[in-house]
Amino acid sequence: MKNKTLLLPVLATMMLVAGCRSHYEVAGIQRTRILIDSRYDAQPDVQAAEFMKPYKHVVDSVMGPVVGRSAKYMTAQRPEGTLSNLLSDILVWAAKDYNEQPDFAIYNMGGVRATLPKGEVTYGDILDIAPFENKIAFATLSGSDVLDLFRQIASVGGEGVSSSVRMVITKDYQMESLTINGEPVDPQRDYRVASIDYLLGGTDKLEAFKKARDFHAPKETSNNTRFIIMNYFREMAKQGRDVDAEIEGRITVKK
């Protein structure tokens, strides 16, 4: 069992105040922390295990199916991570199914909620990584707005970006240089971007997305990112390939 710290707020005292309208007021709050780690697995509670048994069977039957294999343990991190690279590239890979040809993709760090294990990858592993109802989405930005977008990405130290992107940021989180598909961004031309519908509203400090247009954002559940990620793993499994990703210098911090 992975280490987890649970914060258990305990309401210590509540006062009932008499009057025309009786109401409660919080008089004080006390807190305590209980560390849940491998020690709790050493002596499992038999009764609790029996109680959970039928539910565990159902959960395991849903979460347990293997969708593919990972070549290594992967994480999402700034300025660049193997998992954040992979997820961004998967958005580009999936674009063909929507008759789209994006110039680049963005996958935000806040949308990645777990690491990817090495070896067999299950439905549950993918659900842990992408637990939200975010769906793949496409939009158009002017080159000027693309530059603003990447300035905003630089200001937070990086986000997941696809393999077409190369950006250098300074130690104080300013964008120093940017190329897409090996070319400097042209402020006068348009760029097609793949991302998730959540980001296209200008959330997560990526306000440049508010200027996006020509949206293509299917709302069906099948377009949830977790299903797209699973489709990619299944496709690689059909080809007999383990899913892999590398740190490539997509985003670097100037020393």
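Here's a quick rundown of the structure. These numbers were taken from a predicted model, which means no experiment stands behind them.

1. A look at the overall build of the protein
Link 1 in the chain: On a plain count of helices and strands, the protein comes out with six helices and 13 strands.
Link 2 in the chain: Taking all contacts inside the protein whose residues are at least 6 apart in sequence as the whole, residues at least 24 apart take part in 75%.
Link 3 in the chain: Counting every atom, the protein has about 14800 Å² of accessible surface; 52% of that belongs to carbon and sulfur.

2. Section: the packing of aromatic side chains
Link 1 in the chain: Overall, the coordinates contain four aromatic pairs when judged by the stated rule.
Link 2 in the chain: Aromatic pair Trp93 and Tyr232: ring centres 5.1 Å apart, planes at 85 degrees, arrangement edge-to-face. Within this pair, whereas Trp93 is found in helix α3 (residues 82-94), its partner Tyr232 is found in helix α6 (residues 225-238), the two being separated by 139 residues in sequence.
Link 3 in the chain: Put simply, the rings of Trp93, Tyr232 and Phe233 pair up and form one aromatic cluster.
Link 4 in the chain: Taking NZ or CZ as reference, Arg189 lies 3.8 Å from the ring centre of Tyr191, over its face.

3. Notes on the sheet that holds strand β9 (residues 175-180)
Link 1 in the chain: Taken together, the four strands give an open sheet; going across it, the order is β10-β9-β8-β13, and neighbouring strands pair in mixed fashion. Strand pairing shows two members of the sheet lacking a second neighbour, β10 (183-184) and β13 (251-253), which therefore form its edges.
Link 2 in the chain: Strand direction decides the pairing type here: strand β8 (residues 165-169) and β13, joined by three bridges, are parallel. Among the inter-strand pairings, Met167 is bridged to a residue of β13, identified as Ile251.
Link 3 in the chain: Its contacts with the sheet place helix α5 (residues 143-155) against β8, β9 and β13, and it is angled at close to 125 degrees to β9.

4. Things to note about α6
Link 1 in the chain: Here α6 contains 14 residues, and its C-alpha end-to-end distance of 20 Å stays within 8% of the 20 Å for a straight helix at 1.5 Å per residue.
Link 2 in the chain: By the burial criterion, the buried members of α6 are Thr225, Arg226, Ile228, Ile229, Met230, Tyr232, Phe233 and Met236.
Link 3 in the chain: Two residues or fewer after α6 comes Gly240, characterised by a positive phi angle close to 70 degrees.

5. Looking at the pairing of strand β6 (residues 136-142)
Link 1 in the chain: For β6, the buried fraction is high: seven of the seven residues fall into the buried class.
Link 2 in the chain: Bridge count for β6 against strand β11 (residues 190-196) is seven bridges, and the pairing is antiparallel. In the strand pairing of β11, Ala139 is matched with Val193.
Link 3 in the chain: Pairing analysis gives two bridges linking β6 to strand β12 (residues 213-216), with the strands arranged antiparallel. Directly across from Thr140, in β12, lies its bridge partner Arg213.

6. What about the pattern of salt bridges?
Link 1 in the chain: With the rule as written, the count across this model stands at 13 salt bridges.
Link 2 in the chain: Residues Lys211 and Asp145 are paired through a salt bridge, measuring 3.8 Å at the closest nitrogen-oxygen approach. Here Lys211 is found in the loop between β11 and β12, whereas its partner Asp145 is found in helix α5, with 66 residues between them in sequence.
Link 3 in the chain: Of the charged contacts in the structure, one is a salt bridge between Arg250 and Glu248, with a shortest N-O distance of 2.9 Å.
Link 4 in the chain: On the basis of relative accessible area, Arg250 is assigned to the buried category, the value being 2%.

7. Things to note about the side chain of Arg192
Link 1 in the chain: As for its placement among the helices and strands, Arg192 is situated in strand β11.
Link 2 in the chain: Ignoring any residue separated from it by four or fewer positions in sequence, one finds Arg192 in contact with Glu100, Gln101, Pro102, Asp103, Phe104, Phe138, Ala139, Thr140, Arg213, Asp214 and His216.

The rules we used
- Residues numbered from 1 in each chain as written.
- Predicted model: local features only at pLDDT ≥ 70, side-chain atom pairs only at ≥ 80, totals over all residues.
- Heavy atoms only, no water.
- Helix = DSSP H or I, 4+ residues; strand = E, 2+ residues; numbered from the N terminus.
- Contact = heavy atoms within 4.5 Å.
- Areas by Shrake-Rupley, 256 points an atom, 1.4 Å probe, with all protein chains shown as cover.
- Phe/Tyr/Trp six-rings, centres within 6.5 Å; stacked < 30°, edge-to-face > 60°.
- Lys NZ or Arg CZ within 6 Å of the ring centre and 35° of its normal.
- Pairing = 2+ DSSP bridges.
- Axes fitted to C-alpha atoms, helices over the stretch in contact; angles between N-to-C directions.
- Expected span 1.5 Å × (residues − 1).
- Buried < 20%, exposed > 50% of the residue type's maximum accessible area, 1.4 Å probe, protein only.
- Salt bridge = Lys/Arg side-chain N within 4 Å of Asp/Glu carboxyl O.

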